[in-house]
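Here is what each chain is made of, one letter per residue.
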4 protein chains.
Amino acid sequence: VLPLALIAGPCQMESRAHALETAAAVKESAAKAGIAVVFKASFDKANRTSLSGARGVGLDAALPVFAEIRETLGLPVLTDVHDAGQCAPVAEVVDILQIPAFLCRQTDLLVAAAKTGRIVNVKKGQFLAPWDMANVVAKVTGAGNANVLVTERGASFGYNTLVSDMRALPILARTGAPVIFDATHSVQQPGGQGTSSGGDRAFVPVLARAAVAVGVAGVFIETHPDPDRAPSDGPNMVPLADLEGLLRTLVAFDRLAKHHLAEPDD
Amino acid sequence: VLPLALIAGPCQMESRAHALETAAAVKESAAKAGIAVVFKASFDKANRTSLSGARGVGLDAALPVFAEIRETLGLPVLTDVHDAGQCAPVAEVVDILQIPAFLCRQTDLLVAAAKTGRIVNVKKGQFLAPWDMANVVAKVTGAGNANVLVTERGASFGYNTLVSDMRALPILARTGAPVIFDATHSVQQPGGQGTSSGGDRAFVPVLARAAVAVGVAGVFIETHPDPDRAPSDGPNMVPLADLEGLLRTLVAFDRLAKHHLAEPDD
Amino acid sequence: VLPLALIAGPCQMESRAHALETAAAVKESAAKAGIAVVFKASFDKANRTSLSGARGVGLDAALPVFAEIRETLGLPVLTDVHDAGQCAPVAEVVDILQIPAFLCRQTDLLVAAAKTGRIVNVKKGQFLAPWDMANVVAKVTGAGNANVLVTERGASFGYNTLVSDMRALPILARTGAPVIFDATHSVQQPGGQGTSSGGDRAFVPVLARAAVAVGVAGVFIETHPDPDRAPSDGPNMVPLADLEGLLRTLVAFDRLAKHHLAEPDD
Amino acid sequence: VLPLALIAGPCQMESRAHALETAAAVKESAAKAGIAVVFKASFDKANRTSLSGARGVGLDAALPVFAEIRETLGLPVLTDVHDAGQCAPVAEVVDILQIPAFLCRQTDLLVAAAKTGRIVNVKKGQFLAPWDMANVVAKVTGAGNANVLVTERGASFGYNTLVSDMRALPILARTGAPVIFDATHSVQQPGGQGTSSGGDRAFVPVLARAAVAVGVAGVFIETHPDPDRAPSDGPNMVPLADLEGLLRTLVAFDRLAKHHLAEPDD
């Protein structure tokens, strides 16, 4: 069993400078905590709650920055794709294509992502049972790509609330795909601020500890130098200054979890 | 207040002959029951549970059939679109572009549909609170198109189950958009048959009566000559032979509902 | 099929004068609307959100008032019981013993209520599936009392929210027991005001219309001369002044619903 | 911060011999794992799904056995009470009175339990938000008893399913009461076997690890020499033979959790 990995970065790429600065800080925090890291940023927030929400720098501006981060910092890069046509160009500069939760059942997008040969990380829809992700994974593997990750990011629980069912983690693992726990969007309150989504970052360490104790391949944590001024998902993002401490805790839990995984009682 | 309208047809366009036959039968049932009808069929089921699920005849084959139904039967036509690029060609032959529930937050798709000038029917995501549809409607009207419909089709309720909250209907009406109740997908059991979604058509009249009694602009009912042999949503579709009787009941409830709407107690 | 019946009254018996005044007003509204009515009031609110919430006049003070209402107004009376020991004395003066939703699985209470020979109305727990009420009904009939009613009053839906699943009504009817729809507590927001439960009485007519259209034996509606000053459930109660209009609407829907029940499409 | 404690025993007291045997085995497993233990057994299952479900030996038979377990094994004892009248006699022989989840809002029961002066463990109702337990705790402390524990045992999530929201643990801790995680009933599928509740004990270690990693005062685990032959909650109970291994794992997680609790990032 491999040790815990980290997918981290800001919700959206706000500018080249912002992305590079955040990537460097994430790299440093992860190195100090002893955890492998993939840099994450979105070039387009295609499903903002409101039409007036900022969407990011866009595909054309983002691709060279992803390439620069890979080259200068040596970090693998993940970004999300929203339609089939984006998959090929994005795959040229990133290591992992991510399928957003709302789009996890869109067959053409899954197949196009699969055909790039890159790793595909599919987020579980808020409307899906964990066992239903077996069909989603099969859409990717059926298109010839065995490199699939699945990410838990909460299930709909009444209105404007998500709940993280920790039983979902071992159920998702039955697909054979490594399981990632998204500790950022799991604490989201969708639509909870009227024209944007709310959240409560105080629960990020709570849910991340729980998931790592259960046993996951990786955690997904959005982070920002100044979350309260971020254009999206600010309420859920962990301040960069707190990231290293959180990672040290999670690494300790991961070691214990993977030591005890081998025991018959689990 | 206008009388109840109907959106009806098979889940997917299986062939030209099947679509024309079903459209003619729907037209006849609706005429006998005294209700205006829009014909609905999907050219592509883009988010089937499983990769091996049949997806329909595709865009190129479907467009001439939609045109033929409009011309020969005189029925307005609705179909759903899955990416921004489909909106313009589809708008040339249909009257209403429908946005699938999973895609109801995809800004580019909403804006592209809006810009065609056609009526846009947005299904409320299973993961959305009814009040959050105000932001979705604003994405369409903000793109210059005031002709928006919103459709209730159930909210996630635990795993593999939806629940229809009848309070959602008046809340959706506050957006100013006419409200449609989708009685077919509201009885769906998402993913409930392992590699396809289940459902229980026995509850279609139950939920449709309830919604019409509360007061809606229209109902959406999928119907098929032989639902148990349909390639998708068979468990939820009403047999064509039962449609007229159901419509007569709903028309009677609608008359009563709209008579009593004006009363102070409502 | 019998026409719709009404169970109505204030949430709690606040005083003899208040109960008599409300009962007389309820009787008059029901008579004008042409609906049979059972008077309801609680002598003890045994499960208030907060310790400081007013609980009502108590068993000893309430029993003579129930007797007086039966005699002077000729109304059947319903009240709720909270432990087995209350069943026998309460049964001497009321027609229907009601089991609160939280207590619907307490075997001793169900059996004690059954053994009085009075009609037993069991509210479905917010935590129960509708099909699970078959076991609850069997606890009463198994104790030798076939006169059982079952009441739908909403299911837990995330935190501090209930949802009314209209499919539950025909499922509950499979128990053989007449089904009541509680339009008051279905709009409750449990615990939603911090130290008391909130609600929104604007949705009472919405849900009541829907339920009556589906087809029920009766509706349960709490009403008060001045709900905003009521000691409990004020946000959910219908002002007495609005009751007659609401009942007229429901009677019209009931007639239509029961006319159409016989049709093959239902 | 105190180390993790354990509440463990069979769901119901089946006989004196069975209770003593199980208590001795629980004591031994806990001692080997280095965890303090309270013995738990119910003398009456007052809310079985079905009337024909076995209810246990009853109050009169159970009290001497509880006394014997305390004296001969030196274990503190917990049992649940179902009405106010049971509290005083039960308090004479047990250390902790437990309030069942369905009854957590019954004021008289809470006050009667409080007045015994014993520790009161209140299970959070499946229908309650975690913040609403502040009112429940206040009912006990308001009656003069500051020794209250609160237990998380899952929240209603659709029909026949519970979900454990790990955010509930720190929210419950804000009441000031020590928080217990019930890993047995959290995996229950209420009513899920038609006339009895189902469950899946494979998830007991999953949820227990998660809760302990978040940080709790104790875990509640039902255990049985042969769960598949137990008269109630068999599907959820951990075989006695597996208990020690599970406890060793939880003790390790607890040590880590409480070491990291002091860090600023949590």
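Look up: the structure comes first, before these words.
Reading guide: rules and limits
- Residues numbered from 1 in each chain as written.
- Chains lettered and ligands numbered in written order.
- Predicted model: local features only at pLDDT ≥ 70, side-chain atom pairs only at ≥ 80, totals over all residues.
- Heavy atoms only, no water.
- Helix = DSSP H or I, 4+ residues; strand = E, 2+ residues; numbered from the N terminus.
- Least-squares fit on C-alpha atoms with pLDDT ≥ 70 in both.
- Contact = heavy atoms within 4.5 Å.
- Phe/Tyr/Trp six-rings, centres within 6.5 Å; stacked < 30°, edge-to-face > 60°.
- Buried < 20%, exposed > 50% of the residue type's maximum accessible area, 1.4 Å probe, protein only.
- Buried area = accessible area lost by both parts, 1.4 Å probe.
- Salt bridge = Lys/Arg side-chain N within 4 Å of Asp/Glu carboxyl O.
- Polar contact = N/O pair within 3.5 Å; in protein donor to acceptor, adjacent residues only side chain to side chain.
- Nonpolar A, V, L, I, M, F, W, Y, C, P; charged D, E, K, R; others polar.
- Core = buried A, V, L, I, M, F, W, Y, C linked by side-chain atoms within 4.5 Å.

K.L.:
How should the environment of D:Gly85 be read in this particular structure?
P.N.:
Position of D:Gly85 relative to the elements: it lies in helix H3 (residues 84-91). Remark: the alpha-carbon pair of D:Gly85 and D:His185, spanning 100 residues in sequence, is separated by 26 Å.

K.L.:
Sorry if this is basic, but what is going on with the relation of the copies chain D and chain C here?
P.N.:
What relates the pair of chain copies is a rotation about an axis plus a shift along that axis. Aligned on chain C, chain D shows an RMSD of 0.0 Å; the corresponding rotation is 180° and the shift along the axis is 0.0 Å. Taken together, the rotation angle and the small translation identify this as a two-fold axis.

K.L.:
Teacher, can you tell me more about the relation of the copies chain A and chain D here?
P.N.:
Aligned on chain D, chain A shows an RMSD of 0.0 Å; the corresponding rotation is 180° and the shift along the axis is 0.0 Å. Of the residues that chain A buries at the interface, 100% are likewise interface residues in chain D, meaning the two copies contact each other through the same surface.

K.L.:
Quick question: what am I supposed to make of the packing of aromatic side chains here?
P.N.:
Each aromatic ring pair is described using two quantities: the centre-to-centre distance and the angle formed by the ring planes. Overall, the coordinates contain 18 aromatic pairs over all chains when judged by the stated rule. Ring plane angle 75° and centroid distance 5.1 Å describe the contact between A:Tyr159 and B:Trp131, whose orientation is recorded as edge-to-face. Taken as a pair, A:Tyr159 in the loop between strand E7 (155-156) and strand E8 (162-163) and B:Trp131 in the loop between strand E5 (119-123) and helix H5 (133-141) lie in two separate chains rather than in one. Look at B:Trp131 and you get partly exposed, because its relative accessible area is 42%. Each residue in the set A:Trp131, A:Phe157, B:Tyr159, C:Tyr159, D:Trp131 and D:Phe157 is aromatic and connected to the rest through ring pairs, giving one cluster.

K.L.:
Is there a simple way to explain the interface of chain D and chain C in this structure?
P.N.:
Interface size is often expressed as the accessible area that is lost when the parts come together. Listed by partner, the interface residues are 36 residues for chain D and 36 residues for chain C. Note on chain D versus chain C: buried area summed over both sides is about 3,200 Å², and carbon and sulfur give 50% of it. Interface area lost by chain D to chain C is led by D:Leu51, D:Arg105 and D:Tyr159, which between them contribute 22%. Where chain D packs against chain C, one counts 2 salt bridges. For D:Arg55, the salt bridge goes to C:Asp108, with nearest N and O atoms at 2.8 Å. At the surface where chain D touches chain C, the tally comes to 14 residue pairs in polar contact (both at pLDDT 80 or more). A per-class count over the side of chain D that touches chain C returns 14 nonpolar, 14 polar and 8 charged.

K.L.:
Please explain helix H5 (residues 133-141) of chain A as it appears in this structure.
P.N.:
Residues spaced three or four apart along an α-helix point in a common direction, a consequence of the helix completing one turn every 3.6 residues. Among the residues making up H5(A), those that are buried are A:Met133, A:Asn135, A:Val136, A:Val137, A:Lys139 and A:Val140. The secondary structure elements touched by the buried residues of H5(A) are helix H4 (107-115), strand E5 (119-123), strand E6 (148-152) and helix H6 (168-173) of chain A.

K.L.:
I would appreciate a short explanation of the interface of chain A and chain D in the present structure.
P.N.:
The interface is formed by 36 residues belonging to chain A together with 36 residues belonging to chain D. Of the roughly 2,800 Å² buried at the junction of chain A and chain D (both faces included), carbon and sulfur atoms supply 67%. Our count for the chain A to chain D interface comes out at 0 salt bridges. Contributing elements (two or more residues each) for the side of chain A that touches chain D: E7, E8, H6, helix H7 (204-214) and helix H8 (240-261) of chain A. The greatest single-element share of the side of chain A that touches chain D, amounting to 11 residues, is contributed by H8(A). In the side of chain A that touches chain D, the residues fall into 20 nonpolar, 7 polar and 9 charged.

K.L.:
I'm lost on the side chain of C:Thr22 in this one. Help?
P.N.:
In this structure, C:Thr22 sits in helix H1 (residues 16-33). Accessibility expressed as a relative area gives 0% for C:Thr22, which makes it buried.

K.L.:
What is the right way to look at the pattern of salt bridges in this model?
P.N.:
Any two side chains of opposite charge can pair, given that their charged atoms come close. With the rule as written, the count across this model stands at 52 salt bridges over all chains. In this structure, the salt-bridge partner of D:Asp254 is D:Lys258, at a minimum N-O distance of 2.7 Å. With D:Asp254 and D:Lys258 both in helix H8 (residues 240-261) and 4 residues apart, this pair spans about one turn of that helix. Both residues of the pair, D:Asp254 and D:Lys258, belong to the buried class. Salt bridges sharing common partners tie together A:Asp44, A:Arg55 and B:Asp108.

K.L.:
Explain the nonpolar core here, please?
P.N.:
A general trend in soluble globular proteins is that nonpolar side chains are found buried together. A:Met166, B:Met166, C:Met166 and D:Met166 are the most contacted members of the largest nonpolar core, which totals 331 residues. Once residues within four sequence positions are removed from consideration, B:Met166 is found in contact with B:Phe181, B:Leu207, B:Ala210, B:Ala211, B:Val214, C:Met166, C:Val206, C:Leu207 and C:Ala210.

K.L.:
Sorry, what's going on with unusual backbone geometry here?
P.N.:
Keep in mind that most residues, glycine aside, have a negative phi and that most peptide bonds are trans. Of note in the backbone geometry, A:Asn160 takes a positive phi value of approximately 60° without being a glycine. Not every positive phi belongs to a glycine, and C:Asp233 is a case in point at roughly 60°. Along the polypeptide, C:Asp233 turns up in the loop between strand E12 (218-224) and strand E13 (238-239).

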